[in-house]
Structures are given as C-alpha cells and as structure tokens.
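Here is what each chain is made of, one letter per residue.
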Amino acid sequence: MSGELSVRAAAREDVPAILTLLMDDDLGELHEGGLTSAHGAAFTAIAEDENQILAVALLENEVVGCLQITFIPGLSRQGMWRGQIESVRIARSLRNSGYGTAFLRWAIARCIERNCGLVQLFMNKSRHESHRFYDSLGFRASHEGFRLYL
C-alpha cells in the first residue's frame, strides 16, 4: 500500500462513484445500469436504517472502494446478531495491494463493535479470486446459499 486508506459513511454524492465500482466488474456490469431514482431511494433507505452501513474507502479523497454492512438480529444462537457484508468492491487498479484487506478488517471491526457473533457474506460461485481473498481473512465456506429472484 502506498497511500493511507480512510473509510467513512457514504454520502449521497458518492452514489455515482459507488455505481462505477459496482459496474467495473465482470458480473456487476450485467446487473447495474445508469443512475436512476431507484438508487436515490435505496440510498435514503440505507442511510435512515440504523442497522445499515454503506461505507466508502478513500485514497486522497477519491472513492476507491465500497461495501455495505447489514446488522441482523436473530433468535437463534441465543439471540445472536450477525453482520452481513455485501457489495464489496475495490477499484480494479488497486486490487492485490492490501487495501481490500484493510477495508474488510474495518468492516469486521464495525461488526465487533455491534456485538455480532458472526460475520457472513455471499458471493457468486464463479468469483474464485474473491473466494481465495476471503479465505485468507479467515472466512469459511460453511453453507450453501439459495436465491429466489422475484
């Protein structure tokens, strides 16, 4: 790493940069389009929900990463809270530089602060490099996930 990574809550004006990160991805470009009013509504819902953090990573005030953490209460495991991390991206030019590791460690620390008993994340099975990355951080592929698109 050459510069210092900083992390903060995303602001509405960060949404275009976040969408750029989400689209600069082999799978993301298939799911994302241009900025719409739906993105604005989603940002508002996330920003107003105390169990959500939409975060951006910055280098020299430029958005170079994004992720979302959802804190999930549950009755199972004696009322354990879970932290779910989604939409993790680091700018393509900065991958394998240590910034992704620093950003994920920041997210895990937020889950610890919220007394989560586990952190979970899901990714497409075809993301083999991401699987190795999360393995290196101690995550284990312990469950099989299913989705039903509506």
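Conventions adopted
Residues numbered from 1 in each chain as written. Predicted model: local features only at pLDDT ≥ 70, side-chain atom pairs only at ≥ 80, totals over all residues. Heavy atoms only, no water. Core = buried A, V, L, I, M, F, W, Y, C linked by side-chain atoms within 4.5 Å. Buried < 20%, exposed > 50% of the residue type's maximum accessible area, 1.4 Å probe, protein only. Helix = DSSP H or I, 4+ residues; strand = E, 2+ residues; numbered from the N terminus. Contact = heavy atoms within 4.5 Å. Expected span 1.5 Å × (residues − 1). Arc of directions from axis to C-beta.

Engineer: In this structure, what is going on with the nonpolar core? I would like to understand it.
Structural biologist: Nonpolar side chains tend to gather and get buried jointly when the protein is soluble and globular. Membership of the largest hydrophobic core comes to 36 residues, with the highest contact counts inside it found for L67 and I85. Of all elements in the fold, only α1 (15-23), α3 (37-48), β2 (52-59), β3 (62-72), β4 (81-90), α5 (99-113) and β5 (116-121) reach the threshold of two or more residues within this core. The residues touching L67, leaving out its near neighbours within four places in the chain, are I53, L54, A55, I85, E86, S87, V88, F103, L104, W106 and A107.

Engineer: Help me understand α3, please; the structure alone is not making it clear to me.
Structural biologist: Residues spaced three or four apart along an α-helix point in a common direction, a consequence of the helix completing one turn every 3.6 residues. For α3, with 12 residues, the first-to-last C-alpha span of 17 Å sits near the 16 Å given by 1.5 Å per residue. When α3 is considered as a whole, its buried residues turn out to be H39, F43 and I46. Projected down its long axis, α3 shows its buried positions confined to an angular sector of 70 degrees, all on one face. Projecting away from the buried face of α3 at angles above 90 degrees are the exposed residues S37, A38 and E48. Contacts made by the buried residues of α3 are with α1, β2 and β3.

Engineer: I'm lost on unusual backbone geometry in this one. Help?
Structural biologist: Backbone geometry follows two general trends: most residues other than glycine have a negative phi, and most peptide bonds adopt the trans configuration. Backbone geometry at E60 places phi at a positive 50 degrees, although glycine is not the residue there. The topology assignment puts E60 in the loop between β2 and β3. Using a relative accessible area of 78% as the deciding quantity, one classes E60 as exposed. With phi around 60 degrees, N115 is a residue other than glycine that occupies positive phi space. If you trace the backbone, N115 turns up in the loop between α5 and β5. We classify N115 as exposed; its relative accessible area is 63%.

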